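Examining the three-dimensional arrangement
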Amino acid sequence: MTLDIGFLGYRFMGKAHANALSRLPMFFPDAPETNRSVLIGRDESALSEAAARLGFDRIETDWREALDEVDVFYNLGPNHIHAEPTIAALESNVHVMCEKPLAPEIETARRMQDAARESDAVAATGFNYRYLPALQLAKQLIDAGELGQIYRFKGRCLQDWLSDPEAAWNWRCDANTSGTGVLGDVGSHTIDLARWLVDDIESLSGSLTTQITERPDGDEMRPVTTDDEYSALVTFESGAEGVLEGSRIATGREADNSVEIYGSKGALKFTLRRLNELQVKGVNDRGYQQILVTDPEDPYLDAWWPSGHGLGWEHTFVHENYEFLTAINDGERYRPDFDDGVEVQRVVEAIRDSDRRGERVSLNE
């Protein structure tokens, strides 16, 4: 069976997922066949150009007209347009891949979760960093007990794309469309990795900051109503401690997505800046071993190049789509799903709540 695919959105994430779909037949021939059927957006001229470039059969300016034609719907638009089309798709039993965060706020995310639970369709949240081979290997080592009892997790995602106060205002600066700033945008990735690699978060103390409070938009200045930095001290349900941080004004940092995990028997470190490598310290090692994660026995690497030939960020989407579409084909549960998306959003809301209240909060209240 060939799955007909519809995308809402065609810029950053649209290109990433379209590239992934085009790569699947070459490198994962057992993946379900797909047809990029319809590309959805508002601007017909821009849509037509994007559809030709990304390999879609046709365009549509009303997502309602497209849902009856597709088997799988990818919601790749801004946060404030995630809910309505996604819920409608799930009510029609159309499978959904929705980019993170699920919604601008937790109440809407829960409505999406309810729709997913009531649907026969597979509902996926787009946390692509789970599908880095090095982090897949890290997960295997942790689950095998190689690190022993986990004591501490450190996760950060630092960017500098808005470090210039003269950088233009965009929708991510507006709480009405995005909900949060860097916290929901890239902090959600760090939170998801923390939950996946260690455990659920039990309590936390969080802080949000907006250093640049207005930005130029054409000839006028517009207020920035979202955070541009966040930090959190967290306690996991297992008893492990953690530090999470993120910024989009960290001058000199470009997509610095890193994790460190310390346990009773060992530790590991990973950074996106060297995404084909994992640093591991075993119980008998004096220091860290730098492992090049490119061997055929490493996660997903048997599908790609000879040992030593590294992969890139875009390959996470190939692996993510392979697992998502295979789950659809096999009628199995996919993770991370909307339950995971809501759990991440609960942590986001707890950090916001802690910042407002000026005190530590429990997620089990």
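Above this text you will find the structure in question.
Quick look at the structure, then. (Residues numbered from 1 in each chain as written. Predicted model: local features only at pLDDT ≥ 70, side-chain atom pairs only at ≥ 80, totals over all residues. Heavy atoms only, no water.)

Examining the sheet that holds strand S15 (residues 277-281)
As a reminder, the rule being used: Two strands pair under a simple rule: DSSP has to find at least two bridges between them. Secondary structure counts use DSSP, requiring at least four H or I residues in a row for a helix and at least two E residues in a row for a strand, with both numbered from the N terminus. When checking whether two residues touch, look at their non-hydrogen atoms; a contact exists if any pair is within 4.5 Å. Axes, fitted as lines to C-alpha atoms, cover a helix only where it is in contact. Angles between the N-to-C directions of the axes lie from 0 to 180 degrees.
Strand order in the open sheet formed by nine strands is S16-S15-S14-S13-S7-S12-S11-S8-S17, and the pairing between neighbours is mixed. Unpaired on one side and paired on the other, strand S16 (289-292) and strand S17 (361-362) mark the two borders of the sheet. In this sheet, S15 lies alongside strand S14 (residues 267-271) in antiparallel orientation, the contact comprising three bridges. The partner of Lys269 across the bridge, within S15, is Gln279. Each of strand S7 (150-158), strand S13 (256-263), S14 and S15 touches helix H6 (residues 133-143); the most contacted strand, S15, lies at about 25° to it.

Structural notes on the sheet that holds strand S2 (residues 33-40)
Neighbouring strands of a sheet are bound in pairs by backbone hydrogen bonds; such pairs are parallel or else antiparallel. The parallel open sheet is built from six strands, whose spatial order is S3-S2-S1-S4-S5-S6. Of all strands in the sheet, those with a lone pairing partner are strand S3 (58-60) and strand S6 (123-126), marking the two edges. Ignoring which end each strand starts from, the neighbouring axes of this sheet average 25° apart. Across three bridges, S2 lies against S3 in parallel orientation. Residue pairing in the sheet places Leu39 in a bridge with Ile59 of S3. The strands that helix H4 (residues 83-91) touches are strand S1 (2-8), strand S4 (72-75), strand S5 (95-99) and S6; relative to S4, the one it contacts most, it runs at about 165°. Contacts from helix H10 (residues 338-357) reach S5 and S6 within the one sheet, and its direction differs from that of S6 by about 40°.

A look at the nonpolar core
Quick reminder of the rule: Residues grouped as a nonpolar core are buried Ala, Val, Leu, Ile, Met, Phe, Trp, Tyr and Cys residues, joined through side-chain atoms within 4.5 Å. Note on classification: 1.4 Å probe, protein chains only; a residue is buried when its accessible area is under 20% of the maximum for its type, exposed when over 50%, partly exposed between these limits.
Of all hydrophobic cores here, the largest spans 46 residues; its most connected members are Phe153, Leu204, Ile261 and Leu278. No other element matches helix H8 (residues 182-197), which puts eight residues into this core. With sequence-adjacent residues up to four places away left out, Ile261 is seen in contact with Ile142, Leu147, Ile150, Arg152, Phe153, Leu197, Val198, Gly266, Ala267 and Leu268. If you look at the next biggest cluster of nonpolar residues, it comprises 39 residues, including Ala31, Leu54, Val318 and Ala327.

A look at the pattern of salt bridges
For side chains of opposite charge, pairing can occur when their charged atoms come near one another. Formally: What counts as a salt bridge is simple: a side-chain nitrogen of Lys or Arg found within 4 Å of a carboxyl oxygen of Asp or Glu.
On inspection of all chains with the given rule, the structure shows 25 salt bridges. Residues Arg53 and Glu49 are paired through a salt bridge, measuring 2.9 Å at the closest nitrogen-oxygen approach. Residue Arg53 and its partner Glu49 are located together in helix H2 (residues 44-54), separated by four residues, close to a single helical turn. Note on Arg53: relative accessible area 45%, which makes it partly exposed. Classification of Glu49 by relative accessible area gives partly exposed; the value is 44%. Residue Asp62 is joined to Arg64 by a salt bridge in which the shortest nitrogen-to-oxygen separation is 3.2 Å. For Asp62, a relative accessible area of 27% puts it in the partly exposed group. The class of Arg64 is partly exposed, set by a relative accessible area of 45%.

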